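For reference, the chains in residue letters:
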There are 2 protein chains.
Amino acid sequence: MGGDSPIVVLDSGLGGLTVARALRQTLPHEDILYFGDTARLPYGLKTRETVTGFVRQIIEYLRPFHPKHIVIACNTATALAMQTVKGEFADLSISGVIEPGARAAVEAAGAKNYPVIGILATEATIRSQAYERAIIRRRGRARLLLRPAPLLVPIIEDGRPEDDPLVRVALKQYLEPMVRRGMDVLVLGCTHYPIYKDLIQRMVGTRVKVIDSADRCAEDVEKRLRTYGLLRAGADVEKTGTMRCFVTDDSPRFMTLASRFMGEELDPPTWVSVEELYELGRRMAGSQPL
Amino acid sequence: MGGDSPIVVLDSGLGGLTVARALRQTLPHEDILYFGDTARLPYGLKTRETVTGFVRQIIEYLRPFHPKHIVIACNTATALAMQTVKGEFADLSISGVIEPGARAAVEAAGAKNYPVIGILATEATIRSQAYERAIIRRRGRARLLLRPAPLLVPIIEDGRPEDDPLVRVALKQYLEPMVRRGMDVLVLGCTHYPIYKDLIQRMVGTRVKVIDSADRCAEDVEKRLRTYGLLRAGADVEKTGTMRCFVTDDSPRFMTLASRFMGEELDPPTWVSVEELYELGRRMAGSQPL
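Numbering of residues begins from 1 in every chain and follows the order in which that chain's sequence is written. For this description, chains carry letters from A and ligands carry numbers from 1, given in the order in which they are written. In keeping with the model being predicted, local features are shown solely for residues with a pLDDT of at least 70 and side-chain atom pairs are shown and tallied solely at 80 or more, while totals for entire chains, interfaces and linings include all residues.

(A) Layout of the relation of the copies chain A and chain B. C-alpha atoms of residues with pLDDT of at least 70 in both copies form the basis for the least-squares superposition of the copies. Here chain A sits on chain B after a turn of 180° about the axis and a move of 0.0 Å along it, with an RMSD of 0.0 Å. Look at the turn and shift together and you get a two-fold axis relating the two. Taking C-alpha positions as the reference, the residue of chain A nearest the rotation axis is A:Arg40, at 2.5 Å. Two residues qualify as a contact pair if the distance between their C-beta atoms, derived from the backbone, is within 7 Å. An overlap of 100% is found between the interface residues of chain A and their copies at the interface of chain B, pointing to a shared contact surface.

(B) Structural detail: the pairing of strand S1 (residues 7–11) of chain A. All names here are of chain A. Any residue whose C-beta has 12 or fewer other C-beta atoms within 10 Å is treated as exposed, any with 20 or more as buried, and any in between as partly exposed, C-beta atoms being built from the backbone. What counts as a helix is a DSSP run of H or I of at least four residues, what counts as a strand is a run of E of at least two, and both are numbered from the N terminus. Counting buried residues along S1, five of its five residues qualify, which places the element largely inside the surrounding structure. Both faces of S1 are covered, namely the face carrying Ile7, Val9 and Asp11 and the face carrying Val8 and Leu10. Note on pairing: two strands pair once DSSP finds at least 2 bridges between them. Sheet analysis places S1 next to strand S2 (residues 32–36), joined by five bridges and oriented parallel. Looking at S2, one finds that isoleucine 7 is bridged to isoleucine 32. Orient the strands so they point away from the viewer; a crossover is then right-handed if the path from the first strand over the helix to the second runs clockwise. Taken together, S1, helix H1 (residues 17–26) and S2 constitute a β-α-β crossover, and its handedness is right-handed. Sheet topology places S1 next to strand S3 (residues 69–72); four bridges connect them, and they run parallel. Along S3, the bridge assignment pairs valine 9 with valine 71.

(C) Representation of the sheet that holds strand S3 (residues 69–72) of chain B. Residue and element names in this part refer to chain B. Here six strands make up an open sheet; going across it, the order is S4-S3-S1-S2-S9-S10 and the pairing parallel. One side of each edge strand has no neighbouring strand; the edge strands of this open sheet are strand S4 (94–96) and strand S10 (270–271). Taken strand by strand, helix H2 (residues 48–62) contacts strand S1 (7–11), strand S2 (32–36) and S3, and its axis lies near 145° from that of S2. To define axes, lines are fitted to C-alpha atoms, for helices over the stretch in contact only, and angles between the resulting N-to-C directions are given on a 0 to 180 degree scale. Against the sheet, helix H10 (residues 213–227) contacts S1, S3 and S4, and its axis sits at roughly 160° relative to S3.

(D) View of the interface of chain A and chain B. Listed as interface residues are 26 residues of chain A and, on the opposing side, 26 residues of chain B. Those elements giving two or more residues to the side of chain A that touches chain B turn out to be helix H2 (48–62), helix H7 (152–157), helix H8 (165–180) and helix H12 (274–287) of chain A. Just so you know the grouping, Ala, Val, Leu, Ile, Met, Phe, Trp, Tyr, Cys and Pro go in nonpolar, Asp, Glu, Lys and Arg go in charged, and all remaining residues, Gly too, go in polar. Grouping the constituent residues of the side of chain A that touches chain B by class yields eleven nonpolar, six polar and nine charged.

(E) Inspection of unusual backbone geometry at higher detail. All names here are of chain A. At the junction of leucine 41 and proline 42, the peptide bond is cis and its omega measures out at -5° in the coordinates. Positive phi, close to 50°, is recorded for histidine 66, a residue that is not glycine. Of note, histidine 66 is situated in the loop between H2 and S3. Residue classification places histidine 66 among the partly exposed residues on the basis of 13 C-beta atoms within 10 Å. Even without glycine at this site, tyrosine 114 takes up a positive phi of about 45°. Structurally, tyrosine 114 is set in the loop between helix H4 (98–109) and strand S5 (116–121). Note on tyrosine 114: 11 C-beta atoms within 10 Å, which makes it exposed.

(F) Representation of the domain arrangement of chain A in the model. Residue and element names in this part refer to chain A. Start and end points for every domain follow an automatic or database-based domain assignment. Domain parsing of chain A yields domain 1 (7–96 + 216–287) and domain 2 (98–213). A straight line from the C-alpha centre of domain 1 to that of domain 2 covers 23 Å. Counting residues at the interface gives 26 residues for domain 1, matched by 26 residues for domain 2. When contributions to the side of domain 1 that touches domain 2 are tallied by element, the ones reaching two or more residues are H1, helix H3 (75–88), helix H10 (213–227) and helix H11 (252–262). Broken down by element, the residue count for the side of domain 1 that touches domain 2 peaks at five residues, all from H3.

(G) Main features of the nonpolar core. With 185 residues, the main nonpolar core has A:Val9, A:Ile72, B:Val9 and B:Ile72 as its most contacted residues. Not counting residues within four places of it along the chain, the set of residues in contact with B:Val9 comprises B:Gly16, B:Val19, B:Ala20, B:Leu23, B:Ile32, B:Tyr34, B:Val71 and B:Ala73. Throughout this description, the term nonpolar core refers to a group of buried Ala, Val, Leu, Ile, Met, Phe, Trp, Tyr and Cys residues whose C-beta atoms join them within 7 Å.

(H) Spotlight on the environment of B:Arg260. Residue and element names in this part refer to chain B. With respect to the helices and strands, the residue arginine 260 is situated in helix H11 (residues 252–262). What makes arginine 260 exposed here is the crowd of 12 C-beta atoms within 10 Å. In this structure the C-alpha to C-alpha distance between arginine 260 and leucine 17, which are 243 residues apart in sequence, comes to 9.6 Å.

(I) Summary view of the environment of A:Ala233. Mapped onto the fold, A:Ala233 is located in the loop between H10 and strand S9 (243–247). Taking the C-alpha atoms as reference points, A:Ala233 and A:Gly3, 230 residues apart in sequence, are found 6.7 Å from one another.

Given below as structure tokens:
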């Protein structure tokens, strides 16, 4: 797990690619393994037990690649599963998207007394109260507007462009009540949402600071690797890092949309069957003392 | 598997409840076991292999209840998995939703030369060409309009009412091009869609005959059971049948929405973990000759 090991980015589907994209911009020499659990998405309506089981299997599957760091690039999975899998895989370095986003939200709120911080996220992320806790820990005097937006992930995974009337109606329904309540900061609390960041910024107005949890997450990973001296060094520092994708459902839609998310052409993904993942999860459970 | 055995209705989530509801109206004395694979929904964007694996596990799980009949009450699962699982479980009686819907569409088209038959369905159902084949086999001289509607299932599983502007925008986008092309018959090729049947009928106009695949599927099951003498008889014929639900993700949303779909209060569902399903699938594969 030295400097030449890959960084793992995992997500329920395409959303985490916004994190992978930001990572490739800040750390162009690093190799990235991307895992999209497309056979079981969306995670955002599922329970803690279900999502934790999924994430556990994915980490177990990717462990043989000796990742130097694993980013859970999905807010729902961070909210529901990160604490548990960090405990179970104590030898691996694992981080998520919520802490960096919450930190950035508090910074953006500045010195204002009782700033109004809005969180747009999946139902499961909102229900977990993970953003609430991460923000209140840093800044007790804030008003939080928590807004579950269960349809945004399906709309984005459907590849709808910004100027689609359906996208505008959905965003308007989710955002208008937040703007009306005097929101100062809006956290895009799902790594899918940055794909509509420009439109969202126009809809909420320039007065509202929009926090992109994908960008903040990538910055956080860079800082971690720098701190622990795990960035690529030596001759390899001149190489462009590779990017390899794994998916659980081998649909042509991944390739089409992934390039749009990444802003670069990708190699076809490797298909991993869910049966194989469950088999790993089962073997792993069997190897633990009861 | 006599007259007192239950009828199994299986689906990716809530959609199959429209079939269960129609069955309870036509066959009020029958016991129903409903299985909603809510941890892995939606099926509509997934591949044949993935969906067949899911359906195989669910049937294996429900087999100990000795069902007298199994309805695959999901168009995607019928299109992608039915042929395979009918072969694998040759001792069980299994039917789907596509044949009854296609038959009704052809009947509704009447004597018209080259009637225009529209199919609104998930992406996977459309890609499978199952409706196309089932209709063309009965009526070669027809024009088919095939319209994938990938966002309708997420919108319905979100519990959006008919008068929601988002529902109207989505349906308008999907239906308008079909109406413009002179559609005579519209098949609601997904068991979720009948929840918006009245609105859809208003949008396409009275000239278009709307076929509810859930209703037609329930009629088909009744006919099968009657033909094979498997309807409840004797003293039990006076009893009201029971309905028991199984789900793979134990979210409170199932209970809330299920009552709306069924038009009656339901008992809380039994939770079945996906790990248990994979374990069954694995054991089953192991017991077959290689």
